[in-house]
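# Tertiary structure, described
So you can see what is in the structure, the chains are spelled out below.
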Amino acid sequence: ALDVDNWENAAQTLSVAGIDLQALYDAPDAVTIESGKPGHGKLLYAMPFGLVLPSKKLNTDGQVALELRCGTSAGTTVQDVIPPSMHPETGQAYRWGGRGRWDRLPTIPFDLLTFWQEQLVTPEPSVSASNFLSTDLSEVRSALTYLPPDCPREDWLTVGMGLHHLG
């Protein structure tokens, strides 16, 4: 599911990747769920056979713009409320929308799938000289005399930062 929580921010976020949110909604096979809440909506897609991607929330200005919903980080699926369930805020029943059919979901468009997969990649931390502490071998030897071999990693960090606090 492509769960839109803020239409304007979601459209802008997707447009950076060359994806037109309105075009997804206007597709001849689009299956949507409407809640009656302005600026919100949900598009449903079938994933390629066997693929379960972890869900991912995308924020803009500290608010959720959209959520890509499929599975958990453990690879299990998640659920969405479908019609005719009642929306807890609007008190209205969810409705099917779009020109497609809920029992024949379209396969997720390649560009949206690629965008989703890109959002799951965690960038590698950058390494620079400022990431390292200035120390010499005598300081390391001194620290090792105070640390038991089974101490928590946090203690190694505090000694390494010169705090010498071993809780």
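Residues numbered from 1 in each chain as written. Predicted model: local features only at pLDDT ≥ 70, side-chain atom pairs only at ≥ 80, totals over all residues. Heavy atoms only, no water.

### As for the overall build of the protein
- Within the protein one finds five helices and six strands.
- The secondary structure elements of the protein, listed N-terminal to C-terminal, are β-α-α-β-β-β-β-β-α-α-α.
- Within the protein, the proportion of its 167 residues that are buried is 29%.
- For the protein, the share of sequence-separated contacts (at least 6 apart) that also reach a separation of at least 24 residues comes to 58%.
- With an accessible surface of roughly 11100 Å², the protein has 55% of that area assigned to carbon and sulfur atoms. (Helix = DSSP H or I, 4+ residues; strand = E, 2+ residues; numbered from the N terminus. Buried < 20%, exposed > 50% of the residue type's maximum accessible area, 1.4 Å probe, protein only. Contact = heavy atoms within 4.5 Å. Areas by Shrake-Rupley, 256 points an atom, 1.4 Å probe, with all protein chains shown as cover.)

### What about the nonpolar core?
- Core analysis: the largest hydrophobic core is formed by 23 residues, its most contacted members being Leu2, Leu14, Leu21, Leu24, Leu43, Leu68 and Leu112.
- When residues of this core are traced back to their parent elements, those giving at least two are β1 (2–4), α1 (7–16), α2 (21–26), β5 (63–68) and α3 (110–119).
- Examining the composition of this core, we find that four residues originate from one element, α3, more than from any other.
- For Leu24, the contacting residues outside a window of four places in its chain are Leu2, Ile19, Ala30, Leu43, Tyr45, Pro109 and Leu112.
- Judged by nonpolar contacts, the second largest core, of five residues, contains Ala1, Val31, Ile33 and Leu44. (Core = buried A, V, L, I, M, F, W, Y, C linked by side-chain atoms within 4.5 Å.)

### Some points on the pattern of salt bridges
- This model, assessed by the stated rule, comprises six salt bridges.
- Where Lys37 meets Glu89, a salt bridge forms, and the shortest distance between an N and an O atom there is 2.4 Å. Taken together, the residues Lys37 in the loop between β2 (31–34) and β3 (41–44) and Glu89 in the loop between β5 and β6 (95–97) connect sequence positions 52 residues apart.
- The partner of Asp80 in a salt bridge is Arg69, and the shortest N-O contact between them spans 2.8 Å. Here Asp80 is found in the loop between β5 and β6, whereas its partner Arg69 is found in the loop between β5 and β6, with 11 residues between them in sequence.
- Assessed through its relative accessible area of 25%, Asp80 is described here as partly exposed.
- Among the charged side chains, a salt-bridge network with shared partners connects Asp3, Lys42, Glu67, Arg69 and Asp80. (Salt bridge = Lys/Arg side-chain N within 4 Å of Asp/Glu carboxyl O.)

### A few points about the packing of aromatic side chains
- Taken as a whole and judged by the stated rule, the model has two aromatic pairs.
- Ring geometry for Trp7 and Tyr25: centres 5.0 Å apart, planes at 65°, overall edge-to-face. Of the two residues, Trp7 sits in helix α1 while Tyr25 sits in helix α2, which places them 18 residues apart along the sequence.
- On the basis of relative accessible area, Trp7 is assigned to the partly exposed category, the value being 27%. (Phe/Tyr/Trp six-rings, centres within 6.5 Å; stacked < 30°, edge-to-face > 60°.)

### With respect to the confidence of the model for the protein
- Mean pLDDT over the protein works out to 81, with 72% of the residues at or above the 70 mark.
- Mean pLDDT in the protein bottoms out at helix α5 (residues 153–160), which sits at 51, and peaks at α2, which reaches 97.
- Low pLDDT (under 50) marks residues 127–132, which in the prediction has two contacts with non-local residues, meaning those over four places away or in another chain.
- Counting contacts from residues 159–167, a segment whose pLDDT is below 50, to residues more than four positions away or on other chains yields 13 contacts. (pLDDT = per-residue confidence, 0-100.)

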